[in-house]
Amino acid sequence: MSKCLVCNIPLSILEGLDIEYSYLIESNLNVKMNELLEKTNIDIQNISFKYPFVFMHEYSEDKMNEITYTLKSNQINAIYAVSTPHNLQWTLNDLFNELLEEHEIFQTMNELQELMKELIPAMNQNEEIKFMLMEAFITLQNKNLIQMKQMIKKLNNIKKSD
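Enquirer: Give me the lowdown on the sheet that holds strand 2 (residues 21-23), citing residues and values where you can.
Expert: Ordered by their spatial adjacency, four strands build an open sheet running 2-1-3-4, and the pairing between neighbours is mixed. What marks the edges here is a single partner per strand, and that holds for strand 2 and strand 4 (79-82). For this sheet, the mean angle separating the axes of adjacent strands, direction not counted, is 20 degrees. Where strand 1 (residues 3-7) lies against strand 2, three bridges are found, and the strand directions are parallel. Its bridge partner lying in strand 2, Cys4 is registered against Tyr21. Its contacts with the sheet put helix 3 (residues 61-73) on strand 1, strand 3 (53-57) and strand 4, and the angle it makes with strand 3 is roughly 165 degrees. Along the sheet face, helix 4 (residues 92-119) touches strand 1, strand 3 and strand 4 and points at about 115 degrees away from the line of strand 3.

The following block contains the structure:
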């Protein structure tokens, strides 16, 4: 049975997708994902998760692409998850926490990459920038959130002083 579990997605967009869906509600936070797939809730309610969210279960790649394309073309910047045997055993709250951590890591990686691109032209005239960019590249590869944030601060300080 293919199904999407969603929150913070307008009903009008979901109805246009021709999919089975269920809205997530606050009382679902401590329920396992596999149990939520068995429930149906078509009432839109606010939930503490601050991003639009779509959990896709047993859809073809083409259908998942259609869902993501439709949401993006409607300016819905959602966080997506696909069911796995592993995450079906997680509670909704555990899944949200994992996704938020991943989301923050990817946002920080993008911020660091953009900052590095800005500093590349100055690399040949300034040895400190050259050294810091090499260090930033290694930091980026490690994907450690704290280290990436520290590197962003360092590069911003160099950028200001240059």
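Enquirer: Account for the pairing of strand 4, with residues named and values stated.
Expert: Taking every second residue as pointing to the same face, the buried face of strand 4 carries Ile79 and Ala81, while none of Tyr80 and Val82 on the other face is buried. As paired strands, strand 3 and strand 4 are joined by four bridges and run parallel to one another. Each bridged residue has a counterpart across the sheet, and for Phe53 the counterpart in strand 4 is Ile79. Handedness of the strand 3-helix 3-strand 4 crossover: right-handed.

Enquirer: Quick one: what's the story with the packing of helix 4 against helix 5 (residues 127-142), residue by residue and with numbers?
Expert: At a closest axis distance of 11 Å, the pairing of helix 4 and helix 5 adopts a crossing angle of 155 degrees. Here helix 4 lies roughly antiparallel to helix 5, going by the angle between them. Crossing of helix 4 over helix 5 shows left-handed handedness. Contacts between helix 4 and helix 5 involve Met109, Leu112, Gln113, Met116 and Leu119 on the former and, on the latter, Ile129, Leu133, Ala136, Phe137 and Leu140.

Enquirer: Describe unusual backbone geometry, and please don't skip the residues or the numbers.
Expert: With phi around 55 degrees, Asp18 is a residue other than glycine that occupies positive phi space. Along the chain, the position of Asp18 falls in the loop between helix 1 (11-15) and strand 2. Residue classification places Asp18 among the exposed positions, given a relative accessible area of 69%. Residue Glu58 is not a glycine yet carries a positive backbone phi of 60 degrees. Using a relative accessible area of 49% as the deciding quantity, one classes Glu58 as partly exposed.

Enquirer: An account of the side chain of Asn87 is requested, with residue identities and associated values reported.
Expert: Position of Asn87 among the secondary structure elements: in the loop between strand 4 and helix 4. A distance of 2.8 Å separates a polar atom in the side chain of Asn87 from the backbone nitrogen of Thr84. Discounting chain neighbours no more than four positions away, the residues touching Asn87 are Met33, Phe55, Val82 and Leu95.

Enquirer: Which residues make up the pattern of salt bridges, and what values do they have?
Expert: Pairing between side chains becomes possible if they bear opposite charge and their charged atoms approach one another. The tally for this structure, following the rule as stated, stands at five salt bridges. Its salt-bridge partner being Lys63, residue Glu66 comes within 3.3 Å of it at the nearest N-O pair. With a gap of three residues between them, Glu66 and Lys63 both fall in helix 3, about one helical turn apart. Assessed through its relative accessible area of 17%, Lys63 is described here as buried. For the salt bridge of Lys154 with Glu135, the shortest nitrogen-to-oxygen distance reads 3.3 Å.

Thresholds, definitions, all that
- Residues numbered from 1 in each chain as written.
- Predicted model: local features only at pLDDT ≥ 70, side-chain atom pairs only at ≥ 80, totals over all residues.
- Heavy atoms only, no water.
- Pairing = 2+ DSSP bridges.
- Helix = DSSP H or I, 4+ residues; strand = E, 2+ residues; numbered from the N terminus.
- Axes fitted to C-alpha atoms, helices over the stretch in contact; angles between N-to-C directions.
- Contact = heavy atoms within 4.5 Å.
- Buried < 20%, exposed > 50% of the residue type's maximum accessible area, 1.4 Å probe, protein only.
- Right-handed = clockwise from strand over helix to strand, strands pointing away.
- Parallel < 35°, antiparallel > 145°, perpendicular 65-115°, else oblique.
- Left-handed = near helix turned anticlockwise from the far one by under 90°.
- Polar contact = N/O pair within 3.5 Å; in protein donor to acceptor, adjacent residues only side chain to side chain.
- Salt bridge = Lys/Arg side-chain N within 4 Å of Asp/Glu carboxyl O.

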